[in-house]
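What the coordinates show
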Amino acid sequence: MGLVIVIIAVMVVYFNNYSVSFVNSASSSSLSVGFYDESCPRVEDIIYDELVKKMSPIPRNITIPGTLRLFFHDCYVQGCDGSVLILPTDDNNSERNASINLSLAGDAFDIVDKAKAALEKECPGVVSCPDILAILARDVVHWWEGPHWEVEKGRRDGLISNATEAQLLMPKSDENITTLIRGFESIGLSTADLVTLSGAHTIGFTHCIEFASRIFHNDTTLNSTIREKVILSCPFPKIDRNVAEALDQTSEFVFDNKFYKSLRQRKGLLLTDHVLAFG
């Protein structure tokens, strides 16, 4: 239980300070919990109400991890500025069109759009998209039995969004530990940050294609029981790119620390998760 508290405490710091830790999003002095107290006092209630509507009456499990992943993909490239939300045009191939972002959940984009539309009715032109996404990231973690924390606000909407940059910068699922560490260091984050933020994989799913080489080439570093289980849903050689498996094979619908424990048992499907424990 102690480890859970430590991990959660560190993750809360990162979620609150994404705009500080990542480049060009906002200065630390411009962020505050009460940023919208005068201009849009019900901002968090309105956003949460939209999440409740989306999750009821039929829970949509992809919304929760999908929103958390969307937040990370936004923040890793030029900071938390909402640039991943910008639609591509004839004149601009935006981040959303990067190959690595094509699998971002439509439900995640949808809940941001719904929250933005609701806020525009009450506080037109006030709340930024990256703040909406930061608040939603907190709310979806709490929805799946994770912690609730105060979100600092004041992020600015980004105007630059480039697919090539996103494809180049975002970590890939087959990267080794050295490449991962260098990537995080290039945006001012440490190895500890890498391990902590990877803890978001306690919830969520990954498409078969992302770990296919490990199961089909009989990677002996992958737990044999897990390999036999996932190969049933990811048959070789006809891999269905729409099929996904849980990143945390022990408690995929609960925000806890079992993901880290499973890595020690060689149950991490992605190579990038496996190398966190074994290098």
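Structural data are supplied above this passage.
So, here's what we can say about the structure. (Residues numbered from 1 in each chain as written. Predicted model: local features only at pLDDT ≥ 70, side-chain atom pairs only at ≥ 80, totals over all residues. Heavy atoms only, no water.)

Here's the deal with the environment of Leu102
Assignment of secondary structure puts Leu102 in the loop between helix 4 (63-76) and helix 5 (106-122). Residues contacting Leu102, with those up to four places away along its chain left out, are Arg96 and Asn97. (Helix = DSSP H or I, 4+ residues; strand = E, 2+ residues; numbered from the N terminus. Contact = heavy atoms within 4.5 Å.)

Re the nonpolar core
By size, the foremost hydrophobic cluster in this structure holds 41 residues, and its most contacted members are Val43, Ile47, Leu70, Leu119 and Ile132. Among the secondary structure elements, those contributing two or more residues to this core are helix 3 (43-55), helix 4, helix 5 and helix 6 (129-143). Ignoring sequence-local partners within four residues, the contact set of Leu70 consists of Val84, Leu85, Leu104, Ala108, Phe109, Val112 and Leu133. Formed by 20 residues, the second largest nonpolar core is a distinct cluster that contains Phe72, Met170, Ile177 and Val275. (Core = buried A, V, L, I, M, F, W, Y, C linked by side-chain atoms within 4.5 Å. Buried < 20%, exposed > 50% of the residue type's maximum accessible area, 1.4 Å probe, protein only.)

Some thoughts on the state of the cysteines
Tallied over the full model, the rule gives three disulfides. At a sulfur-sulfur separation of 2.1 Å, the disulfide partner of Cys40 is Cys123. With the S-S bond torsion at 75°, the cross-link from Cys40 to Cys123 turns out right-handed. Of this pair, Cys40 sits in the loop between helix 2 (18-21) and helix 3 while Cys123 sits in the loop between helix 5 and helix 6, and the two are 83 residues apart along the sequence. Cys40 sits in the buried class, given a relative accessible area of 0%. Put simply, Cys208 and Cys234 are joined by a disulfide, and their sulfur atoms are 1.9 Å apart. Since a negative S-S torsion denotes a left-handed disulfide, the Cys208-Cys234 link at about -60° is left-handed. Placement of the pair is Cys208 in the loop between strand 1 (205-207) and helix 10 (212-216) and Cys234 in the loop between helix 11 (224-233) and strand 2 (244-246), with a sequence separation of 26 residues. (Disulfide = S-S within 2.5 Å.)

Some details on the pattern of salt bridges
What the rule picks out here adds up to 12 salt bridges. The shortest N-O distance in the salt bridge between Arg42 and Glu122 comes to 2.8 Å. Pair noted here: Arg42 is in the loop between helix 2 and helix 3 and Glu122 is in helix 5, with a separation of 80 residues, a long-range link. Assessed through its relative accessible area of 40%, Glu122 is described here as partly exposed. One network of salt bridges, in which partners are shared, links Glu44, Arg138, Asp139 and Lys153. (Salt bridge = Lys/Arg side-chain N within 4 Å of Asp/Glu carboxyl O.)

Some details on the packing of aromatic side chains
For the structure on display, the rule yields eight aromatic pairs. Ring geometry for Tyr76 versus Phe184: centroids 5.4 Å apart, planes at 65°, classification edge-to-face. Pair noted here: Tyr76 is in helix 4 and Phe184 is in helix 8 (residues 177-186), with a separation of 108 residues, a long-range link. Tyr76 sits in the buried class, given a relative accessible area of 3%. You can call Phe184 buried: its relative accessible area is 3%. A connected cluster of aromatic rings, assembled from ring pairs, spans Phe72, Tyr76 and Phe184. In this arrangement the basic side chain of Arg96 is found over the ring face of Phe109, its NZ or CZ atom lying 3.8 Å from the centre. The ring of Phe278 is capped by Arg266, whose NZ or CZ atom sits 4.0 Å from the centre of that ring. (Phe/Tyr/Trp six-rings, centres within 6.5 Å; stacked < 30°, edge-to-face > 60°. Lys NZ or Arg CZ within 6 Å of the ring centre and 35° of its normal.)

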